[in-house]
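Spelled out, the chains give:
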Amino acid sequence: FNKKDPIVIGVEVVEGTLRLNTMVCIPSLSLDVGRITRIEINHKEATSAKKGTQVSVRIANEANPTLTYGRQFDHSNTLYSKINRASIDACKEYFKEEMTKDDWNLII
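Presented here is a report on the structure given in the accompanying data block.

Calculation notes
Residues numbered from 1 in each chain as written. Predicted model: local features only at pLDDT ≥ 70, side-chain atom pairs only at ≥ 80, totals over all residues. Heavy atoms only, no water. Pairing = 2+ DSSP bridges. Helix = DSSP H or I, 4+ residues; strand = E, 2+ residues; numbered from the N terminus. Phe/Tyr/Trp six-rings, centres within 6.5 Å; stacked < 30°, edge-to-face > 60°. Buried < 20%, exposed > 50% of the residue type's maximum accessible area, 1.4 Å probe, protein only. Salt bridge = Lys/Arg side-chain N within 4 Å of Asp/Glu carboxyl O. Polar contact = N/O pair within 3.5 Å; in protein donor to acceptor, adjacent residues only side chain to side chain. Contact = heavy atoms within 4.5 Å.

Okay, the pairing of strand 4 (residues 31-41) next. Relative to strand 4, strand 3 (residues 23-26) runs antiparallel, the two being bridged by four bridges. Residue Cys 25 lies in a different strand from strand 4, and its bridge partner there is Asp 32. Pairing between strand 4 and strand 7 (residues 54-60): five bridges, direction antiparallel. Paired with Arg 35 across the bridge in strand 7 is Ala 60.

See below:
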């Protein structure tokens, strides 16, 4: 694991699907953590992880490379996908077949 850019931590996907290049944030701290640049499941690279999966993620933050796990945030904070209109449109265009009703309910 790595505490600074790139941050490498273990996470559990609690809801939905985690995908590469997803921006993650901590809304309670108004903190943009960065972009998921790698997902590993059992030491094998993956492009996504579904609900209930424990994975290792690499997070890059070009806007704030001094962001440090353990200082600005830690294991007690919940990471969320940062959703905006462009990401909703991308889900509709590229992942429509993969999205379940529960996934759409998370977005809305």
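There is more to say after this.
This part is about the packing of aromatic side chains. Enumeration according to the criterion identifies one aromatic pair in this entry. Ring plane angle 80 degrees and centroid distance 5.4 Å describe the contact between Tyr 69 and Phe 73, whose orientation is recorded as edge-to-face. The exposure class of Tyr 69 is partly exposed, given its relative accessible area of 21%.

Moving on to the pattern of salt bridges. Overall, the coordinates contain six salt bridges when judged by the stated rule. Glu 40 serves as the salt-bridge partner of Arg 38, at 2.8 Å between the closest nitrogen and oxygen. Under the relative-accessibility criterion, Arg 38 is labelled partly exposed at 25%. Among the residues examined, Glu 40 registers a relative accessible area of 21% and is labelled partly exposed.

Once that is clear, we can look at the pairing of strand 1 (residues 7-12). Here strand 1 shows one buried face, formed by Ile 7, Ile 9 and Val 11, and one open face, formed by Val 8, Gly 10 and Glu 12. Bridging between strand 1 and strand 7 involves six bridges; their strand directions are antiparallel. Paired with Ile 7 across the bridge in strand 7 is Ile 59.

Along the chain, the position of Thr 68 falls in the loop between strand 7 and strand 8 (80-81). For Thr 68, a relative accessible area of 16% translates into the label buried. A polar atom in the side chain of Thr 68 sits 2.9 Å from the backbone oxygen of Thr 66. Those residues in contact with Thr 68 that lie beyond four places of it in its chain are Lys 3, Lys 4 and Phe 73.

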